[in-house]
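# Descriptive analysis of the structure
Here is how the chains run, residue by residue.
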Amino acid sequence: MDLTPHPDHIQPAHMSDAEWQLRVQLAHCYHLVDHFGWTETIFNHISARVPGSDFYLVNPFGLNYDEVTPANLLKVDLEGRKVEPSPYDANPAGFALHGAIHGAREDIHCVIHTHTTPVSAIALKRAGFGHDDFYGAQLFGRVAYHTFEGITLFADEKSRMLDSLGDKHVLVLRNHGVAVGEMDIPRAFFLLWTVQRAAEIQCAAGAMAGDNVALPASISQRCSDLTAQLIREDGFAHKFFDAMVRQMQGRRGRRL
Ligand SMILES: [Zn+2]
């Protein structure tokens, strides 16, 4: 059995430990989104800011999420243009949403955008997310909504999108999908998981006859406040992220 690491999994000599660790974690995040079935073929992005820089790591255009490795992640600027040589292509149009959020929000270092069926169904409904189920309650008062203006975020829409986002960390892109942003990759993944679970449950409940059990706003607010506090704590989202990576690796027998 050949245990020689693939070159894509070896830290280049010139690269800082901090950047390499970020690359490993981001590749894990791509694999987790694939593992949970939240991908949209080769489209969409997860972006992460390289520590101490205005550069960002993102998937090469044309690869499946499970083909992303620490070494093949592209380093791009806020416009989504490559700043280091790579045999792979960037997708600046697809990165525009990420670049706009990274450029405006100092507290967001990782942005994840998805088009899963449940999330896109919620994005299609005028009411957006409900807050009566366990996960929806955690999102009470934490979701922003942006009106759809077209497939790609053009320059003239950027300021309107940022106005829509405000100081929130979850942005429903109406008629489209969702974007979440947090201070690091595990926190963003944990937030995405909450959003995805709320959407799944609300789609299932919406297809069933009968009324939902409505929660008082005070209870939803308490749930939302607690989860917002937990995600700020060191280690909470990281334990979740690391456990999901172990689960994925155990089931797939893969090691990054
Ligand atoms: Zn999209």
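My aim in this report is to walk through the structure given alongside it, one point at a time. Keep in mind that what you see is a predicted model, and the values were worked out from it rather than measured. (Residues numbered from 1 in each chain as written. Predicted model: local features only at pLDDT ≥ 70, side-chain atom pairs only at ≥ 80, totals over all residues. Heavy atoms only, no water.)

### A closer look at the environment of Leu73
Here Leu73 lies in the loop between strand E2 (56-58) and strand E3 (74-76). Judged by its relative accessible area of 4%, Leu73 is buried. The contacts of Leu73, once residues within four sequence positions are left out, are Arg23, Leu26, Ala27, Tyr30, Val58, Asn59, Pro60 and Val68. (Helix = DSSP H or I, 4+ residues; strand = E, 2+ residues; numbered from the N terminus. Buried < 20%, exposed > 50% of the residue type's maximum accessible area, 1.4 Å probe, protein only. Contact = heavy atoms within 4.5 Å.)

### Here we look at the coordination of the zinc ion
The zinc ion binds to the protein through His113 (NE2), His115 (NE2) and His176 (NE2), with metal-donor distances spanning 2.0 Å. Sequence spacing of the donors to the zinc ion: H-x1-H-x60-H. Highlighted residues: His113 in strand E4 (residues 110-114) and His176 in the loop between strand E6 (170-173) and strand E7 (177-182), separated in sequence by 63 residues. (Donors = N, O, S within 2.8 Å, 3.2 Å for Na, K, Ca; no water.)

### Considerations on the pairing of strand E5 (residues 143-146)
Summarising the sheet, E5 and E6 pair through four bridges and their orientation is parallel. Counterpart to Val143 in the pairing with E6 is Val170. Of the crossover connections in this fold, the one passing from E5 over helix H5 (residues 155-165) to the parallel E6 is right-handed. (Pairing = 2+ DSSP bridges. Right-handed = clockwise from strand over helix to strand, strands pointing away.)

### Concerning the sheet that holds E5
The sheet built from seven strands is open, its strands ordered E3-E2-E1-E4-E7-E6-E5 with mixed pairing. With one partner strand each, in any of the chains shown, E3 and E5 form the two edges of the open sheet. Pairwise comparison of adjacent strand axes, ignoring direction, gives a mean angle of 20° for this sheet. Across the sheet, helix H1 (residues 17-35) touches strand E1 (46-49), E2, E3 and E4, and the angle it forms with E1 is around 165°. (Axes fitted to C-alpha atoms, helices over the stretch in contact; angles between N-to-C directions.)

### Observations concerning the side chain of Glu19
Position of Glu19 relative to the elements: it lies in helix H1. Those residues in contact with Glu19 that sit more than four places away from it in its chain are Val50, Leu57 and Lys75.

### Some remarks on the pairing of E1
Judged by which residues are buried, E1 turns out to be covered on both faces: Ile46 and Ala48 on one side and Ser47 and Arg49 on the other are all buried. Bridge analysis of E1 against E4 gives three bridges, and the strand direction is antiparallel. From the neighbouring strand, Ser47 faces E4, where its bridge partner is Val111. Pairing analysis gives two bridges linking E1 to E2, with the strands arranged antiparallel. Pairing of Arg49 across the sheet is with Tyr56, part of E2. The turn joining E1 and E2, which pair antiparallel and follow one another in sequence, is formed by six residues; a positive phi near 70° is taken by Gly52.

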